Amino acid sequence: MSKDQLFLLKPGFEDPAQAGKFFVCPHCNAIEGLLASFPGLATQIEVQRLPFARPRSAIAEILGDLHQSLPVLVFDQSGPVPEDAGIANGHRFVNSSERILRYLAERYSFPYVHQ
């Protein structure tokens with residue numbers, strides 16, 4: 001892996017439990033808004049948008065079947081990793097949208113979310 005990898009739910013998904021409606025993930029959508037507002041900065045990371053249905057093999061292959069909730073940011077193993085990062089299958093990651101947004105600001109100069 002040569003870049004940090006960000007995994008998001010693909011917007012406009014259907015939930016079989018609520019047929020006939022389309023959805024966005026509120027946690028992923030906050031990150032999507034930042035990526036759309038600063039597309040030049042977004043090129044510094046690898047972004048993958050995954051389907052709602054499980055298994056989500058792209059992330060399960062990296063972190064394992066127990067870590068398929070999104071959003072999740074998997075760190076490039078050659079770069080610095082925050083101390084509060086989790087670990088699964090030998091990979092470091094964060095899966096809180098607030099923490100992901102803060103990391104993107106700290107590491108890649110995205111704007112911080114105002115509190």
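Residues numbered from 1 in each chain as written. Predicted model: local features only at pLDDT ≥ 70, side-chain atom pairs only at ≥ 80, totals over all residues. Heavy atoms only, no water.

**Student:** Before we move on, could you go through the packing of helix H1 (residues 26–37) against helix H4 (residues 97–108) and cite the residues and values that matter?
**Tutor:** As a packed pair, H1 and H4 sit with axes 9 Å apart at the nearest point and diverge in direction by 20°. As summarised for this structure, H1 and H4 are arranged roughly parallel, according to the angle between their axes. H1 and H4 meet at a crossing whose hand is right-handed. Note on element contacts: H4 touches H1 through Ser97, Ile100, Leu101 and Leu104, opposite His27, Ala30, Ile31 and Leu34. Its residues assigned to classes, the contact of H1 with H4 shows 6 nonpolar, 2 polar and no charged. (Axes fitted to C-alpha atoms, helices over the stretch in contact; angles between N-to-C directions. Helix = DSSP H or I, 4+ residues; strand = E, 2+ residues; numbered from the N terminus. Parallel < 35°, antiparallel > 145°, perpendicular 65-115°, else oblique. Left-handed = near helix turned anticlockwise from the far one by under 90°. Contact = heavy atoms within 4.5 Å. Nonpolar A, V, L, I, M, F, W, Y, C, P; charged D, E, K, R; others polar.)

**Student:** Any chance you could break down the environment of cysteine 25 for me, citing the residues and the numbers?
**Tutor:** Relative to the helices and strands, cysteine 25 is located in the loop between strand E3 (22–23) and H1. The exposure class assigned to cysteine 25 is buried, which follows from its relative accessible area of 9%. Measuring from C-alpha to C-alpha, the distance between cysteine 25 and arginine 99 comes to 16 Å, with 74 residues separating the pair along the chain. Excluding its chain neighbours within four sequence positions, the residues that come into contact with cysteine 25 are Leu9, Phe13 and Leu70. (Buried < 20%, exposed > 50% of the residue type's maximum accessible area, 1.4 Å probe, protein only.)

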